[in-house]
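# Residue-level structural notes
Next come the chains, spelled out residue by residue.
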Amino acid sequence: MEKSQHRHDISDKAWAILEPMLPGQRGQWGGIAEDNRRFINGVFWILRTGAPWRDLPPDYGKWGSVHQRFRRWRDKGIWEKILEALIDDPDYEWLMIDASHCKVHPHAAGAKGGNQDMSRTKGGSTPRFTLPWIRLVCRSELLSQKAPELIARRLYLIEGIDAQNLLADRGYDTSEIVAFALSAGINVVIPPKKNRKEQREYDRYLYKIRHLVENAFLWLKRWRGIATRYAKNSSSFLSAVHI
């Protein structure tokens, strides 16, 4: 395998931080992992390229074993636990919420029990993900044409977070979201909709940094396995986002 194909491998600096958090090490309960770093690199290669598991280069191990281990970690919640461990002392001064979508490849259809978390839009089948930035909490639900109202019914996304400011675009200017944020003592930095009878003032200077949440989606979608969903199971795709 050429060196250029290893360009997605985890760096030594990142590995030094990640290694102590991984299971399968000496002194831990259970078996000793053969090579955690090679396994992580193999998963990275799949998600960065969007290739099928069967096309995994042999340098990363047998594709079936790597895929099975990925699913085992998924089912045990290991990917999410690693993410939470890496979020060191998060700062909730700014809580930013936004939504994005990604296209679903035909290979993602046909899960046991029926298709999972995908629906129709003009462009085709689409799953939707909402991301409160800084905390990196990801929730998955069916796409709705009325996304802000859907989020208003899912206020658990911001519930319990002691933030100073809530930043979102005009699409989130609903009475439910504004009232909930104000009742929690959170300053609302959301431009009011033009059809509001009473235009609410907001911090225009602070609103300029809202691009950070959009940058987060842009960074995530550099991973081709996230920009397009190939996984049949929503849990596998969510694990990819955690990674």
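Computed from a predicted structure; not experimentally measured. (Residues numbered from 1 in each chain as written. Predicted model: local features only at pLDDT ≥ 70, side-chain atom pairs only at ≥ 80, totals over all residues. Heavy atoms only, no water.)

## Here's the deal with the packing of aromatic side chains
The following threshold applies: Only centres within 6.5 Å qualify two rings of Phe, Tyr or Trp (six-membered ring in Trp) as a pair; their planes then separate them into stacked at under 30 degrees, edge-to-face at over 60, and tilted for everything else. Numbering of helices and strands runs from the N terminus, with a helix taken as a DSSP run of H or I at least four residues long and a strand as a DSSP run of E at least two residues long. Burial status follows relative accessibility: with a 1.4 Å probe on protein chains alone, a residue under 20% of its type maximum counts as buried, one over 50% as exposed, and anything between as partly exposed. Counted as over-ring charges are cases with an Arg CZ or a Lys NZ within 6 Å of the ring centre that also lie within 35 degrees of the ring normal.
This model, assessed by the stated rule, comprises 8 aromatic pairs. Seen from their ring centres, F44 and W223 are 5.3 Å apart, and the 90° between their planes marks the pair as edge-to-face. Taken together, the positions of F44 in helix α2 (residues 36-49) and W223 in the loop between α8 (211-220) and α9 (224-227) put the pair 179 residues apart, joining distant regions of the chain. We classify F44 as buried; its relative accessible area is 14%. Among the residues examined, W223 registers a relative accessible area of 8% and is labelled buried. Seen from their ring centres, W53 and F70 are 5.5 Å apart, and the 45° between their planes marks the pair as tilted. Of the two residues, W53 is situated in the loop between α2 and α3 (63-75) and F70 in helix α3; the sequence distance between them amounts to 17 residues. Note on W53: relative accessible area 18%, which makes it buried. Members of the aromatic cluster, connected to one another through ring pairs, are F39, W53, F70, W73 and W79. We note R48 situated over the ring of W223; from NZ or CZ to the ring centre the distance is 4.9 Å. For the cation-ring pair, R69 lies above F39, with the distance from its terminal atom to the ring centre recorded as 4.3 Å.

## Some details on the sheet that holds strand β7 (residues 165-167)
Put simply, the rule reads: Note on pairing: two strands pair once DSSP finds at least 2 bridges between them. With axes taken as lines fitted to C-alpha atoms, and helix axes fitted only over the stretch in contact, angles between N-to-C directions fall between 0 and 180 degrees.
Spatially, 3 strands are ordered β1-β7-β8 in an open sheet, and the strand pairing comes out parallel. A single partner strand is all that each edge strand has here, and the edge strands are β1 (94-96) and β8 (187-189). Looking at each pair of strands side by side, their axes are set apart by 25° on average, direction ignored. Here β1 pairs with β7 via 3 bridges, running parallel. Among the inter-strand pairings, W94 is bridged to a residue of β7, identified as N165.

## Section: helix α4 (residues 78-86)
The criterion, for reference: Throughout, the arc means that of the directions going from the helix axis to the C-beta atoms. When checking whether two residues touch, look at their non-hydrogen atoms; a contact exists if any pair is within 4.5 Å.
Of the positions making up α4, those classed as buried are I78, W79, I82 and L83. Down the axis of α4, the sector holding all buried residues measures 140°, keeping them to one side. Its buried side turned inward, α4 meets α1 (12-18), α2, α3 and α10 (234-242).

## Brief notes about the confidence of the model for the chain
Predicted coordinates in regions of low pLDDT should not be interpreted in detail. The condition that has to hold: As a per-residue measure, pLDDT reflects the predictor's confidence and takes values from 0 up to 100.
Across the chain, the average pLDDT comes to 76, with 72% of residues at 70 or higher. Counting interchain partners and residues more than four positions distant, the pLDDT-below-50 stretch residues 128-149 has 76 contacts.

## Brief notes about the layout of surface pockets
Filter applied, for reference: A pocket here means an open set of points on a 1 Å grid, computed over the protein atoms alone, that has protein on both sides within 12 Å along at least five of seven lines. A cavity is instead a set of points where a 1.4 Å probe fits but cannot get out; residues with an atom within 4 Å of a point line either one. Grid points are joined across faces, edges and corners, and a volume is the space filled by probe spheres set on the points. Three residue categories are used. Nonpolar comprises Ala, Val, Leu, Ile, Met, Phe, Trp, Tyr, Cys and Pro, charged comprises Asp, Glu, Lys and Arg, and polar comprises the others, including Gly.
One number sums up the size of the largest pocket: a volume of about 690 Å³. Contributions of two or more residues to the lining of the largest pocket are made by α2, α3 and α10. Top element by residues in the lining of the largest pocket is α3. It accounts for 5 residues. Tallied by class, residues from the lining of the largest pocket come to 12 nonpolar, 7 polar and 5 charged.

## Overview of the packing of α2 against α3
Quick reminder of the rule: Our angle categories are set so that under 35 degrees counts as roughly parallel, over 145 as roughly antiparallel, 65 to 115 as roughly perpendicular, and the remainder as oblique.
Running from amino to carboxyl end, α2 crosses α3 at an angle of 90°, the nearest separation of the two axes being 10 Å. Accordingly, the angle class assigned to the pair α2 and α3 is roughly perpendicular. For the pair formed by α2 and α3, the contact residues are N36, F39, I40 and V43 on the first element and V66, R69, F70 and W73 on the second. A class-by-class count of the residues in the contact of α2 with α3 yields 6 nonpolar, 1 polar and 1 charged.

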